[in-house]
Amino acid sequence: SIFFLGGPAGRKRPWRRDAEAEIRWKLGRTGVPLVDALMRELRLTGYMANRGRHIVASYLIHYLGIDWRVGADWFERCLLDHDVCSNYGEWASTAGVAAAP
């Protein structure tokens, strides 16, 4: 259930898809200097510090309202230290769709 839109908790959220905004986020061209620097670092090096991961995830999820799985998938493609459980778990948690302990 981790890969479903509502995550393990099955929570309904008004997620949207916006191909243009998603591409700008992935390329580091959002117009938000910190988000852009972090996303460019990810794309160019395959790494991003944990705090940076939270910042760009929050931007995508809470500011843009984009489906959290878009970010989880992008990180899976780009991160050299990718771990499925950690990646999807953190994205689901940031999106508020992780199962409560």
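Calculation criteria
Residues numbered from 1 in each chain as written. Predicted model: local features only at pLDDT ≥ 70, side-chain atom pairs only at ≥ 80, totals over all residues. Heavy atoms only, no water. Helix = DSSP H or I, 4+ residues; strand = E, 2+ residues; numbered from the N terminus. Polar contact = N/O pair within 3.5 Å; in protein donor to acceptor, adjacent residues only side chain to side chain. Axes fitted to C-alpha atoms, helices over the stretch in contact; angles between N-to-C directions. Parallel < 35°, antiparallel > 145°, perpendicular 65-115°, else oblique. Left-handed = near helix turned anticlockwise from the far one by under 90°. Contact = heavy atoms within 4.5 Å. Nonpolar A, V, L, I, M, F, W, Y, C, P; charged D, E, K, R; others polar. Core = buried A, V, L, I, M, F, W, Y, C linked by side-chain atoms within 4.5 Å. Buried < 20%, exposed > 50% of the residue type's maximum accessible area, 1.4 Å probe, protein only. Phe/Tyr/Trp six-rings, centres within 6.5 Å; stacked < 30°, edge-to-face > 60°.

A. Region of the structure containing the environment of Arg69. Following the sequence through the fold, Arg69 ends up in helix α4 (residues 68-78). Between the C-alpha atom of Arg69 and that of Ala95, which follows or precedes it by 26 residues, the distance is 9.4 Å. Side chain to side chain, Arg69 and Asp67 meet in a polar contact 2.8 Å long.

B. Examining the packing of α4 against helix α5 (residues 84-95) more closely. One can describe the packing of α4 onto α5 by two numbers: an axis separation of 9 Å at closest approach and a directional angle of 155 degrees. With respect to each other, α4 and α5 are oriented roughly antiparallel. In terms of crossing hand, the pair formed by α4 and α5 is right-handed. Residues Trp68, Gly71, Ala72, Asp73, Phe75 and Glu76 of α4 form the contact with α5, whose participating residues are Asn87, Tyr88, Trp91, Ala92 and Ala95. Considered class by class, the residues forming the contact of α4 with α5 number seven nonpolar, two polar and two charged.

C. Quick peek at the environment of Arg17. Checked against the element boundaries, Arg17 lands in the segment before α1 (19-27). Residues Arg17 and Val70 lie 53 residues apart in sequence; the distance between their C-alpha atoms is 8.7 Å. Once you skip the residues sitting within four places of it in the chain, Arg17 turns out to touch Glu22, Ile66, Asp67 and Val70. One polar contact links Arg17 to Glu22, side chain to side chain, over a distance of 2.8 Å.

D. Spotlight on the nonpolar core. One finds Trp25, Met39, Leu42, Val56, Trp68, Phe75 and Trp91 to be the most contacted residues of the largest nonpolar core, which totals 27 residues. At the level of elements, α1, α2 (33-45), α3 (50-63), α4 and α5 are the ones that each hand at least two residues to this core. Broken down by element, this core gets its largest block of residues, six residues, from α4. Setting aside residues up to four positions removed in sequence, Met39 forms contacts with Trp25, Lys26, Gly28, Met48, Val56 and Trp74.

E. Just the packing of aromatic side chains, in detail. Enumeration over the complete set of coordinates arrives at five aromatic pairs. A ring pair is formed by Trp25 and Trp91, whose centres lie 6.1 Å apart and whose planes are at 80 degrees; its orientation type is edge-to-face. Within this pair, whereas Trp25 is found in helix α1, its partner Trp91 is found in helix α5, the two being separated by 66 residues in sequence. We classify Trp25 as buried; its relative accessible area is 0%. Note on Trp91: relative accessible area 3%, which makes it buried.

F. Representation of the side chain of Glu22 within the structure. Mapped onto the fold, Glu22 is located in helix α1. Residue classification places Glu22 among the buried residues on the basis of a relative accessible area of 5%. Dropping the residues within four chain positions of it, Glu22 is found in contact with Arg17, Ile66 and Val70.

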